[in-house]
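# Examination of the molecular architecture
Each chain, letter by letter, is given below.
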Amino acid sequence: MIIEMLSYHFIVRALIVGLIISLCSSLLGVPLVLKRYSMLGDGLSHVSFGAMAIATALNFSPLWFSLPIVTLSAVALLWISQNSKIKGDSLIAIISTSALAIGIIAVSITTGMNKDISNYLFGSILSLSREDAILSAIVGVFVIIGYILFYPRIFAVSFDETFAKATGANVGLYNLLIAILTALTIVLGMRMMGALLISSLLIFPAISAMRIFNKYIQVTMAAALFSIIAFIIGFYTSYVSEIPTGPAVVVTDLAGLAIFSIIGKRKRHRPIIAK
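A brief look at the structure comes next. As the structure is a computational prediction, the values presented were derived from the model and not from experiment.

### Some details on the overall build of the protein chain
Helices and strands together make up the secondary structure of the protein chain, namely 13 helices and zero strands. Reading the protein chain from its N terminus to its C terminus gives the helix and strand order α-α-α-α-α-α-α-α-α-α-α-α-α. Pairs at least 24 residues apart make up 78% of the contacts formed inside the protein chain by residues separated by at least 6 positions. Element-wise, carbon and sulfur atoms account for 70% of the exposed surface of the protein chain, whose accessible area totals about 13,200 Å².

Shown next as structure tokens:
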């Protein structure tokens with residue numbers, strides 16, 4: 001069955017892109033969960049849907065159109081939250097619902113709710129074109145390299161922002177970097193997971209890893225490994241059972257979280273430490 005599955009070029013292409021997106025999401029999910037920015041992914045996914053819906057209505061390339069829009073939205077979201085009385089989840093809710101509404105309106109007055117728009121909402125990894133796959137791979141590798149290069153600073157601002165400021169780190173700059181990398185990952189993951197499910201790739205692996213491990217580096221590595229394994233299992237299950245890939249991956253993540261939680265209960269719960 002596996003040999004048969006890998007004999008199709010479009011499946012191999014989808015598998016490679018999915019693995020890259022899963023790895024990017026898991027790496028960024030750890031700092032987002034620790035900083036309590038978990039809903040940032042959900043908010044940006046709705047912005048991405050709105051941008052892709054408008055691009056489809058105007059016959060633009062959805063990925064090329066969405067990348068700068070969602071990136072600028074992440075920058076604006078971070079800036080407004082730091083310079084406005086509207087904070088955190090309230091601001092994300094305002095931006096995400098507004099973007100979703102604008103996208104639906106743009107679709108309703110032009111092309112209507114066609115198959116492409118449904119794919120953006122619910123995901124359809126097998127609909128990836130060759131151009132989309134190449135762009136996703138390039139941007140995905142850029143995100144991974146950026147995360148590795150700036151890992152010490154990302155770790156510092158994620159674990160203890162106050163201490164990072166005291167050591168002279170430009171906290172605002174590295175928070176901005178995290179937001180931009182997250183925005184890029186969200187756009188890439190839209191085809192695979194859809195706007196309604198993409199945030200699960202950011203949250204589930206990090207929370208699952210935290211059920212067992214309490215050292216930052218261990219949590220990061222475990223989240224990455226868990227995300228990759230969960231995607232492979234979900235992808236294979238979707239092929240065998242003929243169900244959508246996105247929901248299959250999320251259910252696999254959920255099962256993994258349940259298992260990790262049961263194992264974690266046998267260990268003494270300790271907070272995440274900087275090692």
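Read on, since the account is not over.
### Some words on the packing of helix α11 (residues 199-210) against helix α13 (residues 245-265)
The geometry of α11 relative to α13 is characterised by a closest axis approach of 9 Å and an angle of 15 degrees between their N-to-C directions. Taken together, the axes of α11 and α13 are roughly parallel relative to one another. Between α11 and α13 the crossing geometry is left-handed. Contacts from Ser200, Leu201, Phe204, Ile207, Ser208 and Ala209 in α11 reach Val249, Val250, Asp253, Leu254, Gly256, Leu257 and Phe260 in α13. Among the residues making up the contact of α11 with α13, the classes are represented as nine nonpolar, three polar and one charged.

### Overview of the packing of aromatic side chains
Scanning the model with the defined rule gives eight aromatic pairs in all. Aromatic side chains Phe60 and Phe65 sit 5.8 Å apart centroid to centroid with 35 degrees between the ring planes, which places their arrangement in the tilted category. Given a relative accessible area of 24%, Phe65 falls into the partly exposed group. Measuring from centroid to centroid gives 6.1 Å for Tyr151 and Tyr216, while their planes differ by 50 degrees, and the two rings are tilted.

### A few points about a nonpolar patch on the surface
Residues Met1, Ile2, Leu6, Tyr236 and Val240 make up a contiguous nonpolar surface patch of about 450 Å² in total accessible area. Of note, Met1 is situated in the segment before α1 (2-5). For Met1, a relative accessible area of 52% translates into the label exposed.

### Re unusual backbone geometry
The backbone phi angle of Glu242 is positive, close to 60 degrees, even though this residue is not glycine. For Glu242, the position within the fold is in the loop between α12 (216-241) and α13. Overall, Glu242 belongs to the exposed group, its relative accessible area being 73%.

### A word on empty space enclosed by the protein
Applying the stated criterion across every chain, the model contains one cavity of 30 Å³ or more. Size it by volume and the largest cavity reaches roughly 30 Å³. Around the largest cavity sit Gly43, Leu44, Val47, Leu77, Ile92, Ile95 and Ser96, which together line it. Secondary-structure elements contributing two or more residues to the lining of the largest cavity are α3 (39-57) and α5 (88-108).

### Quick word on the side chain of Lys35
Within the secondary structure, Lys35 is located in the loop between α2 (9-34) and α3. Contact partners of Lys35, with chain neighbours within four places excluded, come to Val157, Ser158, Glu161, Asn175 and Ile178.

### Observations concerning the environment of Met39
If you trace the backbone, Met39 turns up in helix α3. The class of Met39 is partly exposed, set by a relative accessible area of 41%.

### Some thoughts on the environment of Val107
You can see Val107 is positioned in helix α5. On the basis of relative accessibility, which here comes to 2%, the residue Val107 falls in the buried class. Separated by 53 residues in the primary sequence, Val107 and Ile54 have C-alpha atoms spaced 6.9 Å apart.

How each quantity is defined
- Residues numbered from 1 in each chain as written.
- Predicted model: local features only at pLDDT ≥ 70, side-chain atom pairs only at ≥ 80, totals over all residues.
- Heavy atoms only, no water.
- Helix = DSSP H or I, 4+ residues; strand = E, 2+ residues; numbered from the N terminus.
- Contact = heavy atoms within 4.5 Å.
- Areas by Shrake-Rupley, 256 points an atom, 1.4 Å probe, with all protein chains shown as cover.
- Axes fitted to C-alpha atoms, helices over the stretch in contact; angles between N-to-C directions.
- Parallel < 35°, antiparallel > 145°, perpendicular 65-115°, else oblique.
- Left-handed = near helix turned anticlockwise from the far one by under 90°.
- Nonpolar A, V, L, I, M, F, W, Y, C, P; charged D, E, K, R; others polar.
- Phe/Tyr/Trp six-rings, centres within 6.5 Å; stacked < 30°, edge-to-face > 60°.
- Buried < 20%, exposed > 50% of the residue type's maximum accessible area, 1.4 Å probe, protein only.
- Patch = residues over 30% accessible without salt bridge, like charges linked within 9 Å, V, L, I, M, F, W, Y side chains within 5 Å.
- Salt bridge = Lys/Arg side-chain N within 4 Å of Asp/Glu carboxyl O.
- 1 Å grid on protein atoms, 1.4 Å probe; cavity = no way out; pocket = protein on both sides within 12 Å on 5 of 7 lines; lining within 4 Å.
- Points joined across faces, edges and corners; volume = space filled by probe spheres on them.

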